[in-house]
Amino acid sequence: MKRTFPDNPVVLAHEGWLHENQNDFAGAITAYSNAINIDSNSPQLLSRLAMAQLKAKKGEDSLRTLNGWLEKHPQDLSILGLRAQVNHLLGKYEAAIEDYKVIVERSPNDALALNNLAWFLRDKAPIQAREYSARAFELAPTSSAVLDTRAMLLMDQGDLQQALKISKKAAEIQPNDFNIQYHLALISASGGHKQDASSILKMLLATEAKFSERLAAEKLYKDLTN
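None of the values given here were measured: they were computed from a predicted structure. (Residues numbered from 1 in each chain as written. Predicted model: local features only at pLDDT ≥ 70, side-chain atom pairs only at ≥ 80, totals over all residues. Heavy atoms only, no water.)

> I'd like a rundown of the packing of helix α7 (residues 111–120) against helix α9 (residues 144–157), residues and numbers included.
Put simply, α7 and α9 touch, their axes get as near as 10 Å, and they point 30° apart. Regarding the angle of α7 to α9, the classification is roughly parallel. Between α7 and α9 the crossing geometry is left-handed. In this structure, α7 contributes Asn-115, Ala-118 and Trp-119 to the contact, and α9 contributes Ala-145, Val-146, Thr-149, Met-152 and Leu-153. Class assignment for the residues of the contact of α7 with α9 results in 6 nonpolar, 2 polar and no charged. (Axes fitted to C-alpha atoms, helices over the stretch in contact; angles between N-to-C directions. Helix = DSSP H or I, 4+ residues; strand = E, 2+ residues; numbered from the N terminus. Parallel < 35°, antiparallel > 145°, perpendicular 65-115°, else oblique. Left-handed = near helix turned anticlockwise from the far one by under 90°. Contact = heavy atoms within 4.5 Å. Nonpolar A, V, L, I, M, F, W, Y, C, P; charged D, E, K, R; others polar.)

> Please set out the layout of surface pockets residue by residue, giving values where relevant.
In this structure, the largest pocket spans a volume of roughly 600 Å³. Looking at the lining of the largest pocket, the elements with two or more residues in it are α5 (77–89), α7, α9 and α11 (178–190). No other element matches the 5 residues that α7 contributes to the lining of the largest pocket. The residue inventory of the lining of the largest pocket, partitioned by class, reads 7 nonpolar, 9 polar and 3 charged. Considering only enclosed or pocket space, the second largest pocket measures out at about 190 Å³ in volume. (1 Å grid on protein atoms, 1.4 Å probe; cavity = no way out; pocket = protein on both sides within 12 Å on 5 of 7 lines; lining within 4 Å. Points joined across faces, edges and corners; volume = space filled by probe spheres on them.)

> Explain the packing of aromatic side chains residue by residue, including any values.
Under the counting rule described, the total for this entry stands at 3 aromatic pairs. An angle of 40° between the planes, with centres 6.0 Å apart, marks the rings of Tyr-93 and Phe-120 as tilted. Of this pair, Tyr-93 sits in helix α6 (residues 93–106) while Phe-120 sits in helix α7, and the two are 27 residues apart along the sequence. When its relative accessible area of 44% is taken as the criterion, Tyr-93 is described as partly exposed. On the numbers, 6.0 Å between centres and 25° between planes, the contact of Tyr-100 with Phe-120 is stacked. (Phe/Tyr/Trp six-rings, centres within 6.5 Å; stacked < 30°, edge-to-face > 60°. Buried < 20%, exposed > 50% of the residue type's maximum accessible area, 1.4 Å probe, protein only.)

> Describe the packing of helix α4 (residues 59–72) against α5, and please don't skip the residues or the numbers.
Close contact between α4 and α5 brings their axes to 10 Å; oriented N to C, the two are set at 155°. In this view, α4 runs roughly antiparallel relative to α5, as classed from their interaxial angle. Remark: the crossing between α4 and α5 carries left-handed chirality. Contacts between α4 and α5 involve Ser-62, Leu-63, Leu-66, Asn-67, Trp-69 and Leu-70 from the former and Ile-79, Leu-80, Leu-82, Arg-83, Val-86 and Asn-87 from the latter. Looking at the contact of α4 with α5 residue by residue, the classes come out as 8 nonpolar, 3 polar and 1 charged.

> Summarise α7; cite the residues concerned and give the values.
Across the 10 residues of α7, 8 count as buried, placing the element largely inside the fold. Among the residues of α7, those classed as buried are Ala-111, Ala-113, Leu-114, Asn-115, Asn-116, Leu-117, Ala-118 and Phe-120. The inward-facing, buried residues of α7 contact α5, α6, α8 (126–139) and α9. Between the side-chain oxygen of the N-cap and the backbone nitrogen of Leu-112 there are 3.2 Å, and the N-cap of α7 in question is Asp-110. (Polar contact = N/O pair within 3.5 Å; in protein donor to acceptor, adjacent residues only side chain to side chain.)

> Which residues make up the pattern of salt bridges, and what are the values?
Pairs can form between side chains of opposite charge whenever their charged atoms are close. Inspection of the entire model under this criterion finds 8 salt bridges. Notably, a salt bridge pairs Lys-55 with Glu-20, separated by 2.7 Å at the nearest N-O pair. Taken together, the positions of Lys-55 in helix α3 (residues 43–55) and Glu-20 in helix α1 (residues 9–21) put the pair 35 residues apart, joining distant regions of the chain. According to the relative accessible area criterion, Lys-55 is partly exposed, its value standing at 42%. Residue class for Glu-20 comes out buried when judged on its relative accessible area of 13%. Here Lys-92 ties to Glu-60 by a salt bridge, and the two come within 3.4 Å at their closest N and O atoms. Taken together, the residues Lys-92 in the loop between α5 and α6 and Glu-60 in helix α4 connect sequence positions 32 residues apart. (Salt bridge = Lys/Arg side-chain N within 4 Å of Asp/Glu carboxyl O.)

> Could you give me a rundown of α6, with the residues and numbers involved?
Under the 1.5 Å per step criterion, the end-to-end length of α6 is 20 Å for 14 residues, consistent within 8% with the ideal 20 Å. Close packing links the buried residues of α6 with α5, α7 and α8. (Expected span 1.5 Å × (residues − 1).)

Shown next, in the form of structure tokens:
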């Protein structure tokens, strides 16, 4: 197909997708870049390029790609949200916070941005974090991510009973999200339900699954069982 339509951005985007699925991120970057050279006004192509660069461990290139688009399209909240995610994954938390603040200012009913902002401000500005979390909960009361953040903030406040109730809901909605399951164990342990916490952690750690808080889960399990 590429030989028949060498200058078709859709064909090139498909080629990039195929490379990406084979973990050939260098090939994906080349294909997406070629597609963008033909169609420079596609936020979808730009998003794919930025994510391929991130997967290729070229985070700064990913940010440059997104920054270049936002310089020309400063009102594009979708790309701004993607930049916030990339900043988060690169450990640039202050930059992620600033991006989410802009999104919330321009789109006050964006539950995802409100929730992410609440999570990032959990330690730095807990009162603000609770306000953002409450707004996110009003907008998306059945979102596992929103429920999880709210439960953790309630735990921080010392409201362990309500935190546990909400955390259980989040875990029921997303039983395969091991970070959420770990948070349930953490809240359970904090509330004195150590056996429940140990059971949850034993199940999580029996798998080979990788999740961002696995080391913390291992430490908590060790503390509970020793």
